[in-house]
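# Remarks on the overall topology
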Amino acid sequence: MIEFGQPLALFGGLALSLPILAHMAYRRITEKRLFPSLRFLSPTTIPRSGRKRPSDWPLLLLRLLLFTAIVLILADPYLTNSQGDAPVSASREQRMHLIDTSISMSGWGAWEEVRENLLEQWSDESVDHGMLAFDTGGLKLWNPGIPVDELRAALNELKPIYSPYETGALFTRLSKLWRDIQVPKKVLIYSDFQSSDWQDVQADVGALGAELFLVPTGHREQLWKTRSGNRALVDARAVPAGLGKVGVWAVVRNWDFNATPVQLSIFAGGIERERVEMLLPAQGTEQAHFTLPAGDFASAIVRIDGEDACSWDNNRSLWVMPPPARGFAFLNHEQLNISDLAEKEFLQAVMDSVGDGVWNRWSERSDSDEVECLLIPGFSDWAQDDGVVEELKNHLERGGVALLTPAESYVGMNQTLRESKLLDFTFNRVAQTEFRMDPYRIKVLAEENPLSAVFSGDSARDLYLTKVRKFLFLRDWEDQLDAPLFDREGRPLALVRNFPNGGKLVFLCFRLLPEWTDLPTRNSFLPLLVELCGLSGDAGLEENDDILAPGTLIGDGDDAILAKDPGLYRYAEKRISVHAPLSESLPEVISKEELMEALNGSRGVSLSPDLSLSGLGPDHSRDQPLWMWFALAAGVLLIVENMISAPRSGPLLSAPSRDA
Amino acid sequence: MLDPARLSRIDDLSLLARLVVRGSRSGMHRSIRQGRGNEFFQYRSYEPGEDLKNVDWRVFAKRDELVAKTYQEDTNVNLLLVLDGSASMAFSGTDSPCSKFRYAQMLAACFGYLAQRQGDRVGLFGGSEDSVEWIRPQGGRAALNRLLVQMGSMKPAGRDIGRASWERFNAVIPHESIVVVLSDFLDGEEEWADRLRFAKSRRYECLCLQTLDREELVLPDSDALRFVEMEGDGELSASPELIRFDYSAKMNNYQESLQKTIIQAGAEFEFLQTDLDLGHALRSFLGMRVHS
């Protein structure tokens, strides 16, 4: 249906008499006439008035149409979507207030505006008010018709939360609530309409027969535009900074349109330890560096001094002491033979040597849940009997790493691995060099082999000089297995299977014993095992910590902790950092038109924070504007009018000749 | 029958002329002069006492009957049709049956046909400044047909015939000629006084037929027009309603002055209007022809 944004402009249609009068008053010379002689003619001025009736009806009609088109343009016509005009009963109107409780609402004064607007809305007792919002416990619904006092009490309890939530869930719940209710309905969304929260939302409010109202809050004077005035600590990390020192670097982002001077300070042990000043470039980032004594403090807080538009992102906590050692464990037969013991010692030496001993270190653990690396020397069918296979599978599924070396009962080893579906290959025989002059050598690493980045130059030569006197000759291994090492005849010396959740199973085709290979005595031993098993770790502390989003449940059962706010948590021996998503600091606001379209708010209204519902007319952003069509029609009519009314410059007209 | 609107649809001027003359001239024409001449006219019974030279002996031999041949007598009268072919003659009013040129063309054809039937020789002088047509007067039907074809191919364009051409025309007009001038005579009376100098001589008779369109007399019925001169570059804007009275008065004065000038030059003057039938003009012409 066509409606008009400025219906008063239609009164301009009364002026349709103007073109009629103009048409009658204005006399044009539109015709040239050939004439035999001008000697008896006297030039006269063409009178501009005195026409008693219009003589050029098509031209008058054209001018009337032109004038009508102009009047309609001024009246701002638009085509409304009739979908939102579903028949409703005469029952009381239901008005649902959808409240954005994302943490960004705590900035730019948005939450205060939400409260003011809600209290003002609830003063209208002619409608049934309801409320829908997320809090730390999840989505909460206050049904329409609930006493306003209860709503006020709920509002007092409600506040912006750090936990991220799905904005679309608000509309899913609303849809369930209103699906079969035929009453006048209005939806009011109170939000800062931050882009990150709303850019993916899709809903069909129009299908519910509800009118949609957007109540922007926290926009201040920059309504529906990108806001400014926020500075945020977007990252902070601790790194080893030499003997007895911990370095902390922090990244600060300025979302202001002007360069801004700021002061950053670091607090440890409750005392400000260092302060730096910097000039943040407009819409840019800057880094700050601090140094703290190592071992004195477990954590620190980096803080932006002063106030800005959004203050929740001005602090960032971080761990500054070395992280707990990473765990490894041996799984072996209850009755270790000499070979097993010797091999275990070699592997123990490897694990003791991995890392730097301070920031990145390994220690043997007994609790399997804390173990990242499992070492199983002399793997064979005993593993099946002792339940080691199940433990190994669980470990791998948790993302752990395991290293296996074969026992002398090769068939049992092969059968156990195949039956447990850990490794599938065909064991052919054991290649030995007792009767040969030369041992087996490791084949030169291919360029695309990840190990080639580690072994180059002297280290590569050392690796290639490694003697392998005995190894299992495998063939027909399954495709999902990687073979990073080969002998010079192309037979695999190691197999690696990567599991989907990060688990890694490394199978060596030889034992780490002198009668099998001299690898444990070479410089290549440690780096080769570290690279094969992926034991190397970043020196940064947080690499060994868990970083979670707010609202995450840490642990299981009764010991579980809900990390609802940003900060540092410790669960068992794990250190956990909880940071709110950076996107909540962004000042970008989604456009009103885009949001209306995403929500199908066919009859949407955008409210300023200080305006009431009754004070605004309909917002046409969702309707289809028609003014451009009328403008096009007016343009065409104007051109035609000009063509018709302009003095003709073409061939001269003569009266029609009736000559044969 | 003589409605110019109907007649103007006939392309063939020879046919048109026969239709007009036969439809209007029964009983009005005097008999053809029969006597000695070059062109056979008819047989008739021999009258005793008549010159035996007229007896057709071949017929007598075949039918044993004396018949005498009669010949159309040469009259030694020349009819010179002067047809104005300037651009202004192309004018045709909104409701006019035909242009002035076409009207004059039809009249000239009728005059030529009448003259030829009476044994006169017919010639043509006309056209415009850029294209002057001159056909010396000749007798006989074939000559007339050639003249009519030539006249039918003329188109009004350009300015009036120049002074030099008129001078040459004055010099070559045969004696005993009737000159019929068909024009709108809008060039000015002084010009025509000079052009018609020959009319003062007794050897010539001259009939000037001013052919005008009704709109030239009363102006077109329009609120405002931009008038563009047909034989020049002049243009002017005027409201016909406002100037109609003044224009008519000026036109009347000019016509009176023109008539006076032409009569003083020794010629006769008749005014024709293209929406009138051709009979009026024919009668004027025949009146002159009877006198001659």
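Because the structure is a prediction, the values reported are computed rather than measured. (Residues numbered from 1 in each chain as written. Chains lettered and ligands numbered in written order. Predicted model: local features only at pLDDT ≥ 70, side-chain atom pairs only at ≥ 80, totals over all residues. Heavy atoms only, no water.)

### Digging into the sheet that holds strand β12 (residues 271–280) of chain A
By way of backbone hydrogen bonds, the strands of a sheet pair with one another, either parallel or antiparallel. Residues and elements named next belong to chain A. Using the following cut-off: By definition, two strands form a pair when at least two bridges between them are found by DSSP. Put simply, DSSP H or I for four residues or longer makes a helix, DSSP E for two residues or longer makes a strand, and each gets a number counted from the N terminus. Under this scheme, a helix contributes an axis fitted over its contacting stretch, all axes are lines through C-alpha atoms, and angles between N-to-C directions fall in the 0 to 180 degree range.
In space, the four strands of this open sheet follow the order β12-β11-β14-β15, with antiparallel pairing throughout. Strands at the two margins of the open sheet, each flanked by one partner only, are β12 and β15 (315–319). Taken pair by pair, the neighbouring strands of this sheet meet at an average axis angle of 20 degrees, ignoring direction. Across nine bridges, strand β11 (residues 260–268) lies against β12 in antiparallel orientation. Within β12, the residue paired with Val262 across the bridge is Met278.

### A short note on the packing of aromatic side chains
Quick note on the threshold: The rule is short: rings of Phe, Tyr and Trp, with Trp giving its six-membered ring, pair when the centres are within 6.5 Å, and they are stacked under 30 degrees, edge-to-face over 60, tilted in between. Summary of the burial criterion: residues with accessible area below 20% of their type's maximum are buried, those above 50% are exposed, and those between are partly exposed, where the area comes from a 1.4 Å probe applied to protein chains only.
According to the stated counting rule, one finds 27 aromatic pairs over all chains in the structure shown. A centroid spacing of 5.9 Å and a plane angle of 80 degrees characterise the contact between Phe328 of chain A and Phe330 of chain A, whose relative ring orientation is edge-to-face. We classify Phe328 of chain A as buried; its relative accessible area is 0%. Pairing Phe185 of chain B with Phe269 of chain B gives two aromatic rings, centres 6.4 Å apart and planes at 70 degrees, and the pair type is edge-to-face. On the criterion of sequence distance, the pair formed by Phe185 of chain B in the loop between β7 (177–183) and α7 (189–195) and Phe269 of chain B in strand β11 (residues 268–273) is long-range, its members being 84 residues apart.

### Some remarks on unusual backbone geometry
Keep in mind that most residues, glycine aside, have a negative phi and that most peptide bonds are trans. All names here are of chain B. With a phi angle near 55 degrees, Phe185 is a residue other than glycine that sits in the positive phi range. On the basis of relative accessible area, Phe185 is assigned to the buried category, the value being 0%. Of note in the backbone geometry, Leu219 takes a positive phi value of approximately 70 degrees without being a glycine. Structurally, the position occupied by Leu219 is in the loop between α8 (214–218) and β9 (225–229). Residue classification places Leu219 among the buried residues on the basis of a relative accessible area of 3%.

### Here we look at a negative patch on the surface
Residue and element names in this part refer to chain A. For the record, the criterion: The patch calculation keeps residues exceeding 30% relative accessible area without a salt bridge and links them within 9 Å when they carry like charges or within 5 Å when they are nonpolar (Val, Leu, Ile, Met, Phe, Trp, Tyr). The method behind every accessible area is Shrake-Rupley, applied with a 1.4 Å probe, and residues are considered shielded solely by the protein chains displayed. Here, a salt bridge means any side-chain nitrogen of Lys or Arg that lies within 4 Å of a carboxyl oxygen of Asp or Glu. For this count, His and the chain ends are skipped, Lys and Arg are scored as positive, and Asp and Glu as negative. Charged side chains are reduced to one point each, which is NZ for Lys, CZ for Arg, CG for Asp and CD for Glu.
On the surface, Glu334, Asp381, Asp385 and Asp386 cluster together into a negatively charged patch. Along the chain, Asp381 falls in the loop between β18 (371–379) and α8 (382–385). Asp381 gets classed as partly exposed once you look at its relative accessible area, which sits at 38%.

### As for the sheet that holds strand β19 (residues 401–406) of chain A
Residues and elements named next belong to chain A. Overall, mixed pairing links the seven strands, which are arranged β17-β16-β18-β19-β24-β23-β22 in an open sheet. With partners counted over all chains shown, the strands left at the sheet margins are β17 (362–364) and β22 (482–486), one partner each. Averaged over all pairs of adjacent strands, the angle between strand axes in this sheet comes to 20 degrees, irrespective of strand direction. Where β19 and strand β24 (residues 504–508) come together, four bridges link them in parallel fashion.

### Points about the packing of helix α4 (residues 100–117) of chain B against helix α5 (residues 141–152) of chain B
All names here are of chain B. We count it as follows: In these notes the angle categories are as follows: under 35 degrees is roughly parallel, over 145 is roughly antiparallel, 65 to 115 is roughly perpendicular, and the rest is oblique. Only heavy atoms matter for contacts: two residues are in contact if any of them lie within 4.5 Å across the pair. Each residue gets one label: Ala, Val, Leu, Ile, Met, Phe, Trp, Tyr, Cys and Pro are nonpolar, Asp, Glu, Lys and Arg are charged, and the others, such as Gly, are polar.
At a closest axis distance of 10 Å, the pairing of α4 and α5 adopts a crossing angle of 175 degrees. With respect to their mutual orientation, α4 and α5 come out roughly antiparallel. Between α4, through Gln105, Ala108, Ala109, Gly112, Tyr113 and Gln116, and α5, the contact on the second element is made entirely by Arg141, Leu144, Leu148, Met151 and Gly152. Of the residues belonging to the contact of α4 with α5, the class tally is six nonpolar, four polar and one charged.

### Digging into the nonpolar core
To be explicit about the condition: For this analysis, a nonpolar core means a set of buried residues of the types Ala, Val, Leu, Ile, Met, Phe, Trp, Tyr and Cys, connected via side-chain atoms within 4.5 Å.
Counting 71 residues, the largest nonpolar core has Leu392, Leu472 and Phe507 of chain A as the members making the most contacts within it. One finds Cys98, Leu124, Leu147 and Met151 of chain B within the second-largest nonpolar core, a separate group that totals 44 residues.

### Quick notes on the interface of chain A and chain B
Test applied: Two parts lose some accessible area (1.4 Å probe) when they are put together, and adding that loss for both gives the buried area. Polar contacts here mean pairs of N or O atoms no more than 3.5 Å apart (in protein, one a potential hydrogen donor and the other a potential acceptor; neighbouring residues in sequence count only if both atoms are side-chain atoms).
On the side of chain B, 43 residues touch chain A, which itself brings 26 residues to the contact. Summing the contributions of chain A and of chain B, the shared interface buries around 3200 Å²; its carbon and sulfur component is 62%. The interface formed by chain A and chain B includes two salt bridges. A salt bridge links Glu215 of chain B to Arg33 of chain A, with the nearest nitrogen and oxygen atoms 3.4 Å apart. Linking chain A with chain B are 11 residue pairs in polar contact (both at pLDDT 80 or more), by the criterion used here. Each residue belonging to the side of chain A that touches chain B can be placed in one class, and the counts come to 14 nonpolar, five polar and seven charged. Relative to β9 of chain B, strand β2 (residues 32–35) of chain A is paired through four bridges, and the arrangement is parallel. Paired with Lys32 of chain A across the strands is Arg226 of chain B, a residue of β9 of chain B.

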